Amino acid sequence: MTTDNSGDVRLSGIGKTYGAFTAVHPLDLTVPQGSFFALLGASGCGKTTTLRMIAGLEEPTSGTVHLGDQDVTHLPPYKRPVNTVFQSYALFPHLDIFENVAFGLRRRGLKSVKKQVEDMLDLVQLGEQARKKPHQLSGGQQQRVAVARALINHPKVLLLDEPLGALDLKLRRQMQLELKRIQTEVGITFIHVTHDQEEAMTMADTVAVMNGGRVEQLGAPTDLYENPRTTFVANFLGTSNLIEAEVDTKSGDDIVLKAAGDKLVLPAARCGAPAPAGGKVLVGIRPEKIALAHADDAGGIPEGRNRLTGKIADASFIGVSTQYVIDSPACAELSVYVQNVERDARLVPGADVVLHWSPAHTFGLDAAQAIDAGTGEEVAA
Amino acid sequence: MSTLTEAPPPLAPAESAAEPPRKRGRFTPYWLLLPGILWLVVFFALPLVYQASTSVQTGSLEEGYKVTWHFATYWNAFSEYWPQFLRSIFYAAGATVLCLLLGYPLAYLIAFRAGRWRNLIMILVIAPFFTSFLIRTLAWKTILADNGPVVHALNSLHVLDLTDFLGWTAGDRVLATPLAVVCGLTYNFLPFMILPLYTSLERIDGRLHEAAGDLYAKPSTTFRKVTFPLSMPGVVSGTLLTFIPAAGDYVNSELLGSTDTRMIGNVIQTQFLRILDYPTAAALSFILMAAILAMVTIYIRRSGTEDLV
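What counts as what
Residues numbered from 1 in each chain as written. Chains lettered and ligands numbered in written order. Predicted model: local features only at pLDDT ≥ 70, side-chain atom pairs only at ≥ 80, totals over all residues. UniProt positions renumbered as here; feature names shortened; annotations may be inferred. Helix = DSSP H or I, 4+ residues; strand = E, 2+ residues; numbered from the N terminus. Buried ≥ 20, exposed ≤ 12 C-beta atoms within 10 Å, placed from the backbone. Contact = placed C-beta atoms within 7 Å. Axes fitted to C-alpha atoms, helices over the stretch in contact; angles between N-to-C directions. Parallel < 35°, antiparallel > 145°, perpendicular 65-115°, else oblique. Left-handed = near helix turned anticlockwise from the far one by under 90°. Nonpolar A, V, L, I, M, F, W, Y, C, P; charged D, E, K, R; others polar. Pairing = 2+ DSSP bridges. Core = buried A, V, L, I, M, F, W, Y, C linked by C-beta atoms within 7 Å. pLDDT = per-residue confidence, 0-100. Domains from an automatic or database assignment.

With an unreviewed UniProt entry as reference, chain B is termed ABC transporter permease, source organism Streptomyces malaysiense. Chain B has a UniProt comment under Sequence similarities (unreviewed entry) that states "Belongs to the binding-protein-dependent transport system permease family. CysTW subfamily."

Identification of chain A as Spermidine/putrescine import ATP-binding protein PotA from Streptomyces malaysiense is taken from an unreviewed UniProt entry. According to its UniProt record, chain A has this under Subunit (unreviewed entry): "The complex is composed of two ATP-binding proteins (PotA), two transmembrane proteins (PotB and PotC) and a solute-binding protein (PotD)."

Okay, here's the thing in structure tokens:
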């Protein structure tokens, strides 16, 4: 990769308060040059404020913003080598598509913009629409104009503020891939704000999950998904089953826990909380990692797997998988997703079952936090 | 500028033959239009026709007027009173420009910067309407009086020497000069400039300003390239709402001016009410109307906002 770091974005202790309300608690964040970075969180979590502070549209209350080695904290937006794709695009309604895209170049005093604008419109496949006004285009086309208008300036960093929020699901999927392709092609740092966890995971190399003005966890999508460190991340990114359990013993690298009579094993390395004997820990497991066996077949389950007994409360068939809700003495309403490979006809509501999974897929969280954090917010799935 | 309401589109044709056409509802839109049309006929069309016929009559007050299709009245009226026509247009144009220069910053302030003061400033803009137009114009007589504070201040700053030189004022006084009339017009029609400007500025999406800033436009460039072009509908309707009534106004010239500042409105008023020469008065009114219509048409075409007004 390149050693050029002029596209690095470094936030140091940056925070924003409005009167008594703290939108963003002082946070440190470094986005390396050329990466696709997503700020993910529910509305009001401070992600857009953070983005606007990088763009210069919002003055931080504390801290500094660096682009590469340049301190831009107090530069007005028009002096920053940063461009934004706004939510709902903010295209200039009185200018045609060509002039919208040429706007930034003309402001910087470039005379011959024709070639560049045409190339850029071709990149976003809108060459034919150059002389139309924004309101004559569809939502997806307007979105591409907004991207073209920002990208043509070759910014150090492109900021995207929920750019796909106004599109329907199918178009959104298509644009996600399109944006990813463009980012790979131009190699500019993208910082993408979204509330859609699937969007963040599909597109970004690194995701920062924000909640209540703080970054809860930062990492690659797979890392965040497999090793959530807080209940918010566990619940906000996909679905998690969180089971309250009591620490029984520690044996080697494993922690053995008790949950309503059943014994669960958790690798100590995957436990993000202190686990003194007798203390409480939240045991987490993703629904698709759990296998389901009818109670009559319990003997066939291999040794060494975590198991819980329960009763099927509800089953919904959704094509590729069947989603079960299972009530267990250890935890009510456990979710289990079973691939529809060989469907067991006995697994219907009311049936007694055994849930089992590999201890390696189990994670442990601090029981002191709210167990349902991150579930209340509707996540576009 | 037309206040005619467009008739709602006729009901959509029945989608299939199975659905019988709804006969009862078909004329409903036209019934609903009736009061408006009646109003326009009685108060606009009929007076216009009556006035048109008056303008081609000849005769005298004693013998009565008869329609003789005497179109020469138009030419006679114009050749005699063209200086007043010209003056009206100049004064109205001057007042319109002043209204725009004063009104735009205020409308901008209310739309973007006033915050919680917005309603208060709006009330202050509209508040003068609670007092009669005549009383307010008379008050300007006091304000601009020869021994009043305005003349005193302008005199000590030697501004009046300049305006005397330009012919806007005469003999170190403001009252009874063109300046006083234009000031009066500006004052009286300012709200008609501010309100449409405000409406059109307020509709501009604030994110467009942010987007312009984000795309390397300085605040002044943002204003020139984004804010002002987007406020054109307001500028056009504001200037029309100021210019049209100002061109036909006679109260300001009557109260603040002199015989040297007579506008076409004053001439029409005198012809109708003092000399009682109805044909000439009617012909002058028609010429004024035609002139304004022509100017407005050209203006709207040139400003390219036909689809925005």
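We are not done yet, so read on.
Asks: What is the right way to read the overall build of chain B from this model?
Replies: From N to C terminus, chain B includes 13 helices and two strands. With respect to the three principal axes, the spread of C-alpha positions in chain B is 85 × 70 × 35 Å. Taken across its 309 residues, chain B has 32% of its residues classed as buried. When contacts within chain B are restricted to residue pairs at least 6 apart in sequence, those whose partners lie at least 24 apart make up 68%.

Asks: What exactly am I supposed to notice about the UniProt feature "domain: ABC transporter" (unreviewed entry) in chain A here?
Replies: When the UniProt feature table is mapped onto this chain numbering, "domain: ABC transporter" (unreviewed entry) sits at residues 9-237 of chain A. Each end of residues 9-237 of chain A is marked by a C-alpha atom, and these two atoms are 25 Å apart; helix forms 35% of the span and strand 27%.

Asks: Before we go on, may I ask you to explain the packing of helix α8 (residues 206-214) of chain B against helix α9 (residues 219-230) of chain B in this structure?
Replies: When two helices pack together, their arrangement is given by the angle between the helix axes and the distance between those axes. All names here are of chain B. One can describe the packing of α8 onto α9 by two numbers: an axis separation of 10 Å at closest approach and a directional angle of 135°. Judged on the interaxial angle alone, α9 and α8 are oblique. The handedness of the crossing between α8 and α9 comes out as right-handed. Of the residues in α9, those touching α8 at Leu-208, His-209, Ala-212 and Gly-213 are Thr-222, Lys-225, Val-226 and Thr-227. Across the contact of α8 with α9, the residue classes tally to three nonpolar, four polar and one charged.

Asks: How should the interface of chain B and chain A be read in this particular structure?
Replies: Often, the extent of an interface is quoted as the loss of accessible area upon association of its parts. Each partner contributes residues to the interface: chain B has 15 residues there, and chain A has 16 residues. Going through the elements one at a time, α8 and α9 of chain B are the ones with two or more residues in the side of chain B that touches chain A. The biggest single contributor to the side of chain B that touches chain A is α8 of chain B, with six residues. When the residues that make up the side of chain B that touches chain A are grouped by side-chain class, the tally is eight nonpolar, two polar and five charged.

Asks: Please explain the sheet that holds strand β2 (residues 21-31) of chain A as it appears in this structure.
Replies: Pairing between the strands of a sheet is mediated by backbone hydrogen bonds and can be parallel or antiparallel. Residues and elements named next belong to chain A. Spatial ordering of the open sheet is given by β2-β1-β4-β5, a layout of four strands whose pairing is antiparallel. What marks the edges here is a single partner per strand, and that holds for β2 and β5 (70-71). The strands touched by helix α1 (residues 47-55) are β1 (9-18), β2 and β4 (62-67); relative to β1, the strand with the most contacts, the crossing angle is about 120°.

Asks: Which parts of the structure should I look at to understand the UniProt feature "domain: ABC transmembrane type-1" (unreviewed entry) in chain B?
Replies: The UniProt entry lists residues 85-299 of chain B under the feature "domain: ABC transmembrane type-1" (unreviewed entry), expressed in the numbering used here. Between the end C-alpha atoms of residues 85-299 of chain B there is a gap of 18 Å, over a span that is 78% helix and 0% strand.

Asks: It is not clear to me how the sheet that holds strand β14 (residues 280-285) of chain A should be interpreted in this structure. Could you clarify?
Replies: All names here are of chain A. Read from one edge to the other, the open sheet built from five strands follows the order β13-β12-β11-β14-β20, with strand pairing classed as antiparallel. Two strands bound the open sheet, and with one partner strand each, they are β13 (262-267) and β20 (363-366). Each strand of the sheet is rotated relative to its neighbour by a mean of 45°, with strand direction disregarded. As judged from the five bridges shared by strand β11 (residues 241-251) and strand β12 (residues 254-259), these two strands associate in the antiparallel manner. Following the sheet pairing, Thr-249 is matched in β12 by Val-256.

Asks: Help me out: how do you make sense of the nonpolar core in this one?
Replies: Taken as a class, soluble globular proteins show a tendency for nonpolar side chains to be buried jointly. If you look at the biggest cluster of nonpolar residues, it comprises 106 residues, and the most contacted ones within it are Ala-148, Ile-191 and Val-283 of chain A. The element contributing the most residues to this core is helix α4 (residues 139-151) of chain A, with six residues.

Asks: Sorry if this is basic, but what is going on with unusual backbone geometry here?
Replies: Most peptide bonds are trans, and most residues other than glycine sit at a negative phi. Residue and element names in this part refer to chain A. Its identity as a non-glycine residue notwithstanding, Ala-90 has a phi of 50°, on the positive side. The topology assignment puts Ala-90 in the loop between β6 (82-85) and α2 (97-107). Ala-90 sits in the buried class, given 25 other C-beta atoms within 10 Å.

Asks: For this particular structure, what's the right way to read the confidence of the model for chain B?
Replies: For residues with low pLDDT, the predicted coordinates do not support detailed interpretation. Residue and element names in this part refer to chain B. Within chain B, residue pLDDT values average 88, and 90% of them lie at 70 or more. Note on residues 1-17: pLDDT under 50 across the span, and eleven contacts to partners over four residues away in sequence or across chains. We note a pTM of 0.80 for the whole complex and an ipTM of 0.81 for its interfaces.

Asks: Even after reading the chapter, I still don't get the UniProt feature "transmembrane region" (unreviewed entry) in chain B, so can you show me in this structure?
Replies: All names here are of chain B. The sites that carry the UniProt feature "transmembrane region" (unreviewed entry) are, in the present numbering, residues 30-50, 89-112, 119-139, 175-198, 226-247 and 281-300. With 100% helix and 0% strand, residues 89-112 has its two end C-alpha atoms placed 33 Å apart. Along residues 175-198, the helical share is 88% and the strand share 0%, with 32 Å between the first and last C-alpha atoms.

Asks: What should I look at first to understand the domain arrangement of chain B in this one?
Replies: Segmenting chain B into domains produces domain 1 (1-47) and domain 2 (81-303). Computed over C-alpha atoms only, the centres of domain 1 of chain B and domain 2 of chain B are separated by 38 Å.

Asks: Help me understand the pairing of β1 of chain A, please; the structure alone is not making it clear to me.
Replies: Sheet faces and side chains relate simply in a regular strand, where the side chains alternate between the two faces. Residues and elements named next belong to chain A. Alignment of β1 against β4, held across five bridges, turns out to be antiparallel. Each residue of the ladder has a partner; that of Arg-10, found in β4, is His-66. The pairing of β1 with β2 spans seven bridges and is classified as antiparallel. If you follow Ile-14 over to β2, its bridge partner there is Leu-27.

Asks: Help me out: how do you make sense of the domain arrangement of chain A in this one?
Replies: All names here are of chain A. Split into domains, chain A comes out as domain 1 (9-231) and domain 2 (240-366). The centre of domain 1, based on its C-alpha atoms, is set 40 Å off from the matching centre of domain 2. In this complex, domain 1 contributes five residues to the contact, which on the side of domain 2 involves seven residues. Split into classes, the residues belonging to the side of domain 1 that touches domain 2 amount to one nonpolar, three polar and one charged.

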